[in-house]
Each structure stands twice: as C-alpha cells, then as structure tokens.
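Coordinates in review
If you want the building blocks of each chain, they are given just below.
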Amino acid sequence: MAAEILQTHTPALLATAIERAADVLRSGGVIGAPTETVYGLAANAFDPEAVARIYALKGRPAHNPIIVHVASAEMARACTSRWPAMADALGSAFWPGPLTLVMPRSNRVPDIVTAGGPTVGIRWPQHPFMQGVIRACGFPLAAPSANLANRLSPTNAAHVVAQLGGSLPLIVDGGNCNVGIESTVVDVTGTFPLILRPGMITETALHAAVAAGKPEPGSGQAAPRDGILRSPGQLDRHYLPQARLVVRSWQDETGLERLMESEGIDPDRSCIIAHTRIPMGGRFPHVMLIPDDAEAFARALYAELHRCDEMGVACIVVESLPETPVWAGIRDRLRRASTR
Ligand code: TXA
Ligand code: MG
C-alpha cells in the first residue's frame, strides 16, 4: 500500500486534508502529519489500540512515552490530574509552539501513551494542519516523530514517504518544518522547570517566563541544573543519520584536510556541513552550507543530514557550533548523532 499524499497550501486543500485525516484518525488509523518542529506519526491519544499501531509502525520500545498534542487549554487540562502554576506561565508564553510540558497525567490518558508512567508530555502545536485536525477530531493526538526508531526525524513530507510511505494510509504535506528540530521538553512537576530535552525554546527564555509568572518579584531565580534524567527516550540512541557523524572545528582547508586524514576520513566519501569556515577549494567534493544563525541552522539541519544519507556517504563532518544557549538544542542533537 502506498500512502495517499495530501497537500495543504491553499485553504481548500487544507480543509480537504483536515477532513480526510480526521476520518482516518476517528477510525483508529495512524497518519503522517506536519508540525512546526518535525513531522509526526499521529493517532487518537485516547484510543490505546490506535496508539499501539504507532509503536508497531516505528518499532518504538514500549518504555518510551509519546507526546500528546492538543489544540486548547481545556484539552490539555483533560489530560492532566494537576496543573502546576509553571504550566500556566510556560503555556501562555510559548503555546502554541515547540514546547512540551511534562505534567501529572489524568486517567483519560491510556497507559500505553505514558509508557505506564505517572506523567504525560503535552504540546499545543503551532502548525495550522495540526490545530485544524485536532479541533475537527475533538480528541488529542499522540504523535512521536515520524521516523523509524533511532533514525533521523523528518522535516518534510518526502522524508516521511521515504521511511514510512509503504505503511501509512495517509501523509499530509504541510511543507518544510519551520523550527526543524524537536520540541523543548520540560518537566514542570517539581519546584523548578527541568529541561529533559533542549530545543529552540532556550533555558534563558524558559526561566524568564517562569519568573514573569511568579506573583512575588525576585522569586524566579534560575533553576539548579541537576542532571536528573527522567525522559526515558533520552536513553536511546537517537537522531541518527546512516553515515558516521563527527563534529569538528578547523581554521582553514589545510587544517581540515589534515584533520580528516589523521582520522581516516576520505573526502571523496564524506559530506562537510559548514557554517562559517567554508572549504572553497576542489579538495572536498561534497560541501554543504548551512546558515550561521541558530534558527535558520535548525530549520536546515535535518534536511541536509537526510541528503547526506541519500548520497550514501560514509561520513558527515559538521563544523562545531557556538556554545551559547540558542544553540543548545542543536548541539544536543549533533552530540547524540555523533555518539554510537
Ligand atoms: O517536536 C516534537 O516534540 C515532535 C513533534 C511530532 O511534536 N515529537 C517528538 O516525539 O519529538 P518523540 O516521541 O520523537 O520524542 C518525544 C520525547 C522522547 O524523548 C520521550 O521520552 C519524551 O519526549 N517524553 C514523552 N512523554 C514523556 C513523559 N511523560 N515524561 C518524560 N519524557 C517524555
Ligand atoms: Mg523522535
């Protein structure tokens, strides 16, 4: 079975896609759907059998919970048993948008969504298709990224077709993802916001929003950065291209050439992804440029990595990134992609 692909770039096409997708979702099916971060594999979050299909399609381990996508504050509250004050502050600052809040779950949310745990990750996405289809369905959508387990997340419909086109009835094409890496995941069950997965909403922005939401001035000091790891999915190998990926810095082409030689990396079988020190000479046949700006870099990164894999290169050499907070989410993904 080849997936039906529906476009969304006119109001009429968007309305048709929402209608068709809602039909599939109401009958317990799974669709490939655009969000502003990465494409998702979506199903009715309140239907355990539908969610089980997501795990099966992805080959996802049962211990890894799935984010629930909502389109209103009421829907978010229906999924939780307690609504922390921090959720108000962060939700009103960043929703709809690339932020997932981990909160105590309600009994509306089936075990399979939370991997049996006491919390649920909730996100109100920005993408007009997701907002429209969730409203049309009237139930929230469980949706992990639309890739096979441990593979690279898709940021356009073609990426979804390549990995899962043969096993989905419907893929909605919502264009290139505007954010480009997965949402920032924040646990708000404790005293301080705890970042479980960094993303394009930075730690600085999160702390500012929490501080602004506090009634008494001066009480919103930065949270302690304990390294507690409570996001089960963070333990898995993640965000992996097929090629070996290394992150390196270099001064000039000669330096890059020496570096690659000393590490046994063949320039003819490698892609170089550069943003400031761009090798211009003919010694490196595959050089990709990516903007030297965190938001634009995030938007472009996965598509470049997918392209490297399509080219079948053995190694991807990514120029190292600034250490500033806006780059934290991107550094995290590249660190994971380079750890095997
Ligand atoms: O941007 C995104 O978040 C995308 C789009 C589709 O919304 N979704 C996404 O889902 O990246 P996924 O399943 O690929 O990654 C979700 C991450 C995993 O690391 C998972 O362990 C964590 O969020 N997570 C989900 N629910 C959680 C919970 N209740 N407690 C802790 N971590 C949770
Ligand atoms: Mg994922």
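Up top you'll find the structure we're talking about.
1. Quick look at the pairing of strand β6 (residues 119-123)
Taken residue by residue, a regular strand's side chains alternate between the two faces of the sheet. Extensive coverage of β6 is indicated by the burial of four of its five residues. In the sheet, strand β4 (residues 68-69) pairs with β6 via two bridges, with the strands oriented parallel. Counted as the bridge partner of Val 68 is Ile 122 from β6. In terms of strand pairing, strand β5 (residues 99-104) meets β6 through five bridges, oriented antiparallel. Paired with Thr 100 across the two strands is Arg 123, which belongs to β6.

2. Details of the state of the cysteines
Within this structure, the stated rule accounts for zero disulfides. As a non-bridged cysteine, Cys 79 has Cys 137 as the owner of its nearest cysteine sulfur, 14 Å distant. Overall, Cys 79 belongs to the buried group, its relative accessible area being 0%. Here Cys 308 stays free of any disulfide, with the sulfur of Cys 271 as its closest cysteine sulfur at 3.5 Å. Residue class for Cys 308 comes out buried when judged on its relative accessible area of 0%.

3. Points about the site of ligand 1
Near ligand 1 you find 26 residues, and of these Thr 37, Arg 60, Asn 64, His 69 and Ser 183 are the closest. A distance of 3.1 Å separates an oxygen atom of ligand 1 from a polar atom in the side chain of Arg 123. At 2.9 Å, a side-chain N or O of Ser 145 approaches an oxygen atom of ligand 1. Its free accessible area being 680 Å², ligand 1 has 98% of it covered by the protein chains. Residue assignment for the shell around ligand 1 shows that the elements contributing at least two residues are β6 and β10 (194-197).

4. Some points on the packing of helix α1 (residues 11-26) against helix α6 (residues 128-137)
Remark: α1 packs on α6, axes separated minimally by 9 Å, with the N-to-C direction vectors making an angle of 50°. Accordingly, the angle class assigned to the pair α1 and α6 is oblique. Regarding α1 and α6, the two cross each other, and that crossing is right-handed. Residues Leu 14, Ala 17, Ile 18, Ala 21, Ala 22, Leu 25 and Arg 26 of α1 touch α6, and the partners they reach there are Pro 128, Phe 129, Gly 132, Val 133, Ala 136 and Cys 137. For the contact of α1 with α6, the per-class residue count stands at 11 nonpolar, one polar and one charged.

5. Side note on a nonpolar patch on the surface
On the surface, Ile 278, Met 280 and Leu 289 cluster together to form a nonpolar patch covering roughly 320 Å² of accessible area. Along the chain, Met 280 turns up in the loop between β12 (270-274) and β13 (287-289).

6. Considerations on the sheet that holds strand β11 (residues 244-248)
If you walk across this open sheet you meet the four strands as β11-β14-β12-β13, and the pairing is parallel. Both outer strands of the open sheet, β11 and β13, are each paired with one neighbouring strand and no more. Strand-to-strand twist across the sheet, computed as the mean angle between neighbouring axes with direction ignored, equals 20°. Pairing geometry for β12 and β13, over three bridges, is parallel. Of the residues in β13, the one forming a bridge with Ile 273 is Met 288. Contacts from helix α10 (residues 294-311) reach β11, β12, β13 and β14 (315-319) within the one sheet, and its direction differs from that of β12 by about 170°.

Basis of the calculations
- Residues numbered from 1 in each chain as written.
- Chains lettered and ligands numbered in written order.
- Predicted model: local features only at pLDDT ≥ 70, side-chain atom pairs only at ≥ 80, totals over all residues.
- Heavy atoms only, no water.
- Buried < 20%, exposed > 50% of the residue type's maximum accessible area, 1.4 Å probe, protein only.
- Helix = DSSP H or I, 4+ residues; strand = E, 2+ residues; numbered from the N terminus.
- Pairing = 2+ DSSP bridges.
- Disulfide = S-S within 2.5 Å.
- Near = heavy atom within 4 Å.
- Polar contact = N/O pair within 3.5 Å; in protein donor to acceptor, adjacent residues only side chain to side chain.
- Areas by Shrake-Rupley, 256 points an atom, 1.4 Å probe, with all protein chains shown as cover.
- Axes fitted to C-alpha atoms, helices over the stretch in contact; angles between N-to-C directions.
- Parallel < 35°, antiparallel > 145°, perpendicular 65-115°, else oblique.
- Left-handed = near helix turned anticlockwise from the far one by under 90°.
- Contact = heavy atoms within 4.5 Å.
- Nonpolar A, V, L, I, M, F, W, Y, C, P; charged D, E, K, R; others polar.
- Patch = residues over 30% accessible without salt bridge, like charges linked within 9 Å, V, L, I, M, F, W, Y side chains within 5 Å.
- Salt bridge = Lys/Arg side-chain N within 4 Å of Asp/Glu carboxyl O.

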